[in-house]
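Here are the chains, one letter per residue:
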Amino acid sequence: MADSSRLCSVFLGSETGILKGVSLSRKQAFNFCNTQHLSRDQEVRVLVWGDRAETDLLLGARDGSVKTFSLEKGSFTETRSCGDPQEGGFTGLEVLEEGGLVTCQETGTIRVWRESSSDPVAEVITGKNVSRMRQNPAQRNKMATGGKENGLKIWDLENPKNPPVFSAKNLRDDWLDLKRAQWVRDMAFIPQSEKVVTCTGYHQVHVHDPSSPQRRPVMEMEFGDHPLTALSLPTGGTSVVVGNTRGEVAVLDLRKGLVRGVLKGLCGGVRALQCHPSLPIVASCGLDRFLRIHSLGDGKLQHKVYLKSRLNCLLLASQREEWGGGAGAGSEEVKKEEEEEDEEDEVWENMERVEEQGKRKSTTEEEEMLKKKSKKGED
Amino acid sequence: MDITEVPVSNDNKGKKNEYKKPKNKSVTKERNAVEPKLEPKLEPKLEASETAFPPTFSVSEIKNKQRRHHMFMKFKQEKSKLKLQVKKKKKKEREALGDKAPPKEVPKTIENQRVYDETTVDPEDEEIAFDEGTDEFSAYFNGLTNPKVLITTSDRPRGRTVRFCEQLATVVPNAHVYYRRGLALKKIIPQCVARNFTYLMVINEDRKMPNGLVLCHLPDGPTAHFKISSVRLRKEMKRRGKDPTEHSPEVILNNFTTRLGHSIGRLFAALFPQDPQFVGRQVATFHNQRDFIFFRFHRYIFKNEKKVGIQELGPRFTLKLRSLQKGTFDSKFGEYEWVLKRHEMDACRRKFQI
């Protein structure tokens, strides 16, 4: 168990409560669970790394418990109850730098938990119907939440009583002066700036900029006809990958608002998308029970793994060796190419030169005549 | 004039050969005069090439349609003759060998050549067994609920669809047909749940013919959308038996091998009550072949231990799955478990999903 957990490069949580690990280089999938104690209550809703070194995984289950899975040991080490199952499933689970846990459930209360007590240390009420909560990777105490009829709000956990740092305004009323429906499904913080990208259930993608005085979205885009359920930012910061309930995954350009390309292969609703932090790779999983890895440059499917249950969330173990340290792999490949070219030159030089001999001239003439005649015939 | 010097025997060219012959001969004489030296070298070369490769002459080069057609028919007849001869030879060889003959070759069919689907369900798989044991149909398969089906159509149905719905209601036990009255499905569903219905079947109609089926499992179950084709009502069936009785039929589900196939198979199985009444001797068959699901309804009788007689009753139709959505009917905001994407999935002829 311990060996297999160290080999896996992608971890996924399924609806049956099983934590799955996939090793792409060895093309194997492992189930980390106790088969006798499976139950739908343990449905994994969120997965997050326990620390930056990626040695511990935290799972949020449907019955409100948060489990810790240690990759070194290959088993679950801890379980703690962090929420009421009646409040809906987990919509966000994040880890604070000082070692606390932040959870958010569908009814909208963000709770901060510490090791010391079994009660939440701090609570923030964000409104009803929260679909997702995400942490700002640069400023770890800021959390963004959004949901149905609940716009994007950014909260500062150090001042939980204060109103949100940024609260987005809905789009302008439409041409009939009716209020627009809003349903924020997923969001992400764009690195090296304050902007936040959100995708909505009404197939829109918005970019908000808290540093500007404008509370309405700075950029609006639409994709497809079905709700967008998952979002991820590749490196580069100029594009965003979105997936919808029909299995259409597209790369959208954030500068112009156009669709750059579509990643084909999925046939069920996309539940989770994640881009690798350094390589141009995106992993997707969803209701069709497959994990797919596409390359972002040309949109080709690199890996497809059948995992027998519907998948809810995924995590890439980006520091694993099988991805290759990004720069290292690149330079190795370049070296290999150069070596091959040198070898080829040597091969050509070593070959004997074959020169045409004089005797063949007459026969070549005849062959040319024949060719001419056959050409004439075809005409 | 460009004339091909084709080194074939003169008889080969067809019935209008006689007209061509003299022209050929005069031209060859001219050519012979011009190139006396090269000829002896040419001829042996041509003959050598003749035995090695066939002449580069094809029937399509003849411009005259009648002559070309004639040549082509001749060519075909020769081909079929050759084929017959080869066949006879093989048969003789086979009889001569007797027991030692190599086994007969199995012809390739698309079903034989089917690409192995990795989602094929292994009967001993624990994870899938757990998944199926706790999914939306578990209440039915554990015997807790009895099926109750509501059959309706799209708004303002016309003759054929109405008759199809009535006949479906006789085939599926405990089924009720209701007129649609333009009501929204999302509003019908909570009312059905309140009245303990387990299935909602909506037959969609286009130009007086049924062409779509939405099958929604009720408390919170998956919704499948099918395309219906080849509907044959009872009147159109040849040699059919009397109308089906009220006994609940047995159900046969053929060839639902993949995970998606299992889900659809269970969807169909849950339409019928769990205990079939063998007294009625009726059987409903859902046969999956090449992603098309064929529905047939028969009455059988065992004449003796080895022989069975069957009569086809009831409507017959073909279904093709277009999408399977998780949750009750919500085509705009629901999550799809499987969607038919024609250009991606129909690219390979030997790959099937169900």
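Please read all numbers here as calculations on a predicted model, not as lab measurements. (Residues numbered from 1 in each chain as written. Chains lettered and ligands numbered in written order. Predicted model: local features only at pLDDT ≥ 70, side-chain atom pairs only at ≥ 80, totals over all residues. Heavy atoms only, no water.)

### Thoughts on the environment of Ser309(A)
For step 1, the next point in the chain: Positionally, Ser309(A) belongs in the loop between β27 (301–306) and β28 (311–316).
For step 2, the next point in the chain: Between the alpha carbons of Ser309(A) and Arg289(A) there is a distance of 5.5 Å; along the sequence they are 20 residues apart.
For step 3, the next point in the chain: With sequence-adjacent residues up to four places away left out, Ser309(A) is seen in contact with Ser14(A), Thr16(A), Lys20(A), Arg289(A), Glu127(B) and Asp131(B).
For step 4, the next point in the chain: At 2.5 Å, the side chain of Ser309(A) forms a polar contact with the side chain of Glu127(B). (Helix = DSSP H or I, 4+ residues; strand = E, 2+ residues; numbered from the N terminus. Contact = heavy atoms within 4.5 Å. Polar contact = N/O pair within 3.5 Å; in protein donor to acceptor, adjacent residues only side chain to side chain.)

### Focus on helix α6 (residues 159–171) of chain B
For step 1, the next point in the chain: Taking 1.5 Å per residue as the helical rise, α6(B) with its 13 residues ought to reach 18 Å, and the 19 Å between its terminal C-alpha atoms agrees with that figure.
For step 2, the next point in the chain: If you check which residues of α6(B) are buried, you get Arg160(B), Thr161(B), Phe164(B), Cys165(B), Gln167(B), Leu168(B), Ala169(B) and Val171(B). (Expected span 1.5 Å × (residues − 1). Buried < 20%, exposed > 50% of the residue type's maximum accessible area, 1.4 Å probe, protein only.)

### Remarks on the sheet that holds strand β7 (residues 75–81) of chain A
All names here are of chain A.
For step 1, the next point in the chain: In spatial order, the strands read β4-β5-β6-β7; together these four strands make up an open sheet with antiparallel pairing. Because the sheet does not close on itself, it has two edges, and the strands there are β4 (44–49) and β7. Between one strand axis and the next, the sheet turns through 20° on average, direction left out of account.
For step 2, the next point in the chain: Pairing of β4 with strand β5 (residues 56–61), which is carried by five bridges, proceeds in the antiparallel orientation. The residue bridging Val46 from the neighbouring strand is Gly60, located in β5. (Pairing = 2+ DSSP bridges. Axes fitted to C-alpha atoms, helices over the stretch in contact; angles between N-to-C directions.)

### Details of the confidence of the model for chain B
Residues and elements named next belong to chain B.
For step 1, the next point in the chain: Model confidence for chain B is summarised by a mean pLDDT of 86, while 85% of its residues fall at 70 or above.
For step 2, the next point in the chain: In the predicted structure, residues 9–14 sits below a pLDDT of 50 and forms seven contacts with residues beyond four places in sequence or in another chain.
For step 3, the next point in the chain: Here residues 39–50 is a poorly scored stretch, pLDDT under 50, and it has seven contacts once near neighbours within four places are set aside; other chains count.
For step 4, the next point in the chain: Among the scores for the predicted complex, ipTM is 0.80 and pTM is 0.79. (pLDDT = per-residue confidence, 0-100.)

### Some points on the pairing of strand β9 (residues 101–105) of chain A
Looking along a regular strand, one sees side chains alternate from face to face of the sheet.
All names here are of chain A.
For step 1, the next point in the chain: Among the five residues in β9, five count as buried, and that is most of the element.
For step 2, the next point in the chain: Across the two faces of β9 the burial is the same, with Leu101, Thr103 and Gln105 and Val102 and Cys104 all buried.
For step 3, the next point in the chain: Taken together, the five bridges between strand β8 (residues 90–95) and β9 define a ladder with antiparallel strand orientation. Paired with Gly92 across the strands is Cys104, a residue of β9.
For step 4, the next point in the chain: The pairing of β9 with strand β10 (residues 109–113) spans four bridges and is antiparallel. Note that in β10 the partner of Cys104 across the bridge is Ile110.
For step 5, the next point in the chain: The turn linking β9 back onto β10 is made up of three residues, and Gly108 within it adopts a positive phi angle of 105°.

### Considerations on the side chain of Thr285(B)
For step 1, the next point in the chain: Tracing the sequence through the fold places Thr285(B) in strand β7 (residues 282–289).
For step 2, the next point in the chain: Beyond its immediate chain neighbours, meaning those up to four positions away, Thr285(B) contacts Ile252(B), Asn254(B), Phe294(B), Phe295(B), Arg296(B) and His298(B).

### Side note on the interface of chain B and chain A
For step 1, the next point in the chain: Taken together, the contacts link 34 residues of chain B with 40 residues of chain A.
For step 2, the next point in the chain: Summed over both sides, the interface between chain B and chain A buries roughly 3300 Å², with carbon and sulfur atoms accounting for 51% of that surface.
For step 3, the next point in the chain: Per-residue buried area on chain B facing chain A is highest for Glu127(B), Phe130(B) and Glu335(B); these three make up 20% of the total on that side.
For step 4, the next point in the chain: Put simply, chain B and chain A have nine salt bridges between them. (Buried area = accessible area lost by both parts, 1.4 Å probe. Salt bridge = Lys/Arg side-chain N within 4 Å of Asp/Glu carboxyl O.)

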